[in-house]
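Examining the three-dimensional arrangement
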Amino acid sequence: QVQLVESGGGLVQAGGSLRLSCLASGSMFSIIAMGWYRQAPGNQREMVARVNSVGSTIYADSVKGRFTISRDNAKNTVHLQMNSLKPEDTAVYYCNAETLEVIRKAYWGQGTQVTVSS
């Protein structure tokens, strides 16, 4: 079992920055990747950024060059630095952890709201 708690969401003007954090606890040894997803009203949940256990990262095309994901293994935390925010970045952002023991499992945080005003 893995528990995830997000923090750092809020309201920001277009062009501003926010930093999201996700604190993980539980079966840390089983985590093979962590990431951030988002879901806007009426839309499906989409991957924003992901980092695996060796530090390789991937980003959605819509956030490349603006968002940076980082992982602090010593603090069991993953961050998402979001710069040059746009109104279309408005969504609930969810932290995700993917584990592998016998089978793959996905764990989710409760979500944090990010609202970007124009």
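In case you missed it, the structure is sitting above this.
Here the structure is a predicted model, which is why all the values come from computation and not from measurement.

Brief notes about the packing of aromatic side chains
Aromatic ring pairs are reported here in terms of the distance separating the ring centres and the angle at which the planes meet. Summed over all chains, the structure comprises one aromatic pair. The interplanar angle of 75° and the centroid separation of 5.0 Å between the aromatic rings of Tyr37 and Trp108 together place this pair among those described as edge-to-face. A residue pair is termed long-range when its members are at least 10 positions apart, and Tyr37 in strand 4 (residues 31–39) and Trp108 in strand 10 (residues 104–108) qualify at 71 residues. Residue classification places Trp108 among the partly exposed positions, given a relative accessible area of 37%. Residue placement shows Arg45 over the ring face of Tyr94; its charged tip is 3.8 Å from the ring centre.

Comments concerning the sheet that holds strand 7 (residues 67–72)
The strand order across the open sheet built from four strands is 1-3-8-7, with neighbouring strands paired in antiparallel fashion. This sheet does not close on itself; its edge strands, each paired only once, are strand 1 (2–7) and strand 7. On average, each strand axis in the sheet is inclined to that of its neighbour by 15°, with strand direction left out of account. Bridge analysis of strand 1 against strand 3 (residues 18–26) gives six bridges, and the strand direction is antiparallel. From the neighbouring strand, Val2 faces strand 3, where its bridge partner is Gly26.

Some thoughts on the pairing of strand 11 (residues 112–117)
Across the two faces of strand 11 the burial differs, with Thr112, Val114 and Val116 buried and Gln113, Thr115 and Ser117 not buried at all. Sheet topology note: the strand 2 (residues 10–13)/strand 11 ladder contains four bridges and is parallel. Directly across from Gly10, in strand 11, lies its bridge partner Val114. As paired strands, strand 9 (residues 91–100) and strand 11 are joined by three bridges and run antiparallel to one another. Each residue of the ladder has a partner; that of Val92, found in strand 11, is Gln113.

Thresholds applied
Residues numbered from 1 in each chain as written. Predicted model: local features only at pLDDT ≥ 70, side-chain atom pairs only at ≥ 80, totals over all residues. Heavy atoms only, no water. Phe/Tyr/Trp six-rings, centres within 6.5 Å; stacked < 30°, edge-to-face > 60°. Helix = DSSP H or I, 4+ residues; strand = E, 2+ residues; numbered from the N terminus. Buried < 20%, exposed > 50% of the residue type's maximum accessible area, 1.4 Å probe, protein only. Lys NZ or Arg CZ within 6 Å of the ring centre and 35° of its normal. Pairing = 2+ DSSP bridges. Axes fitted to C-alpha atoms, helices over the stretch in contact; angles between N-to-C directions.

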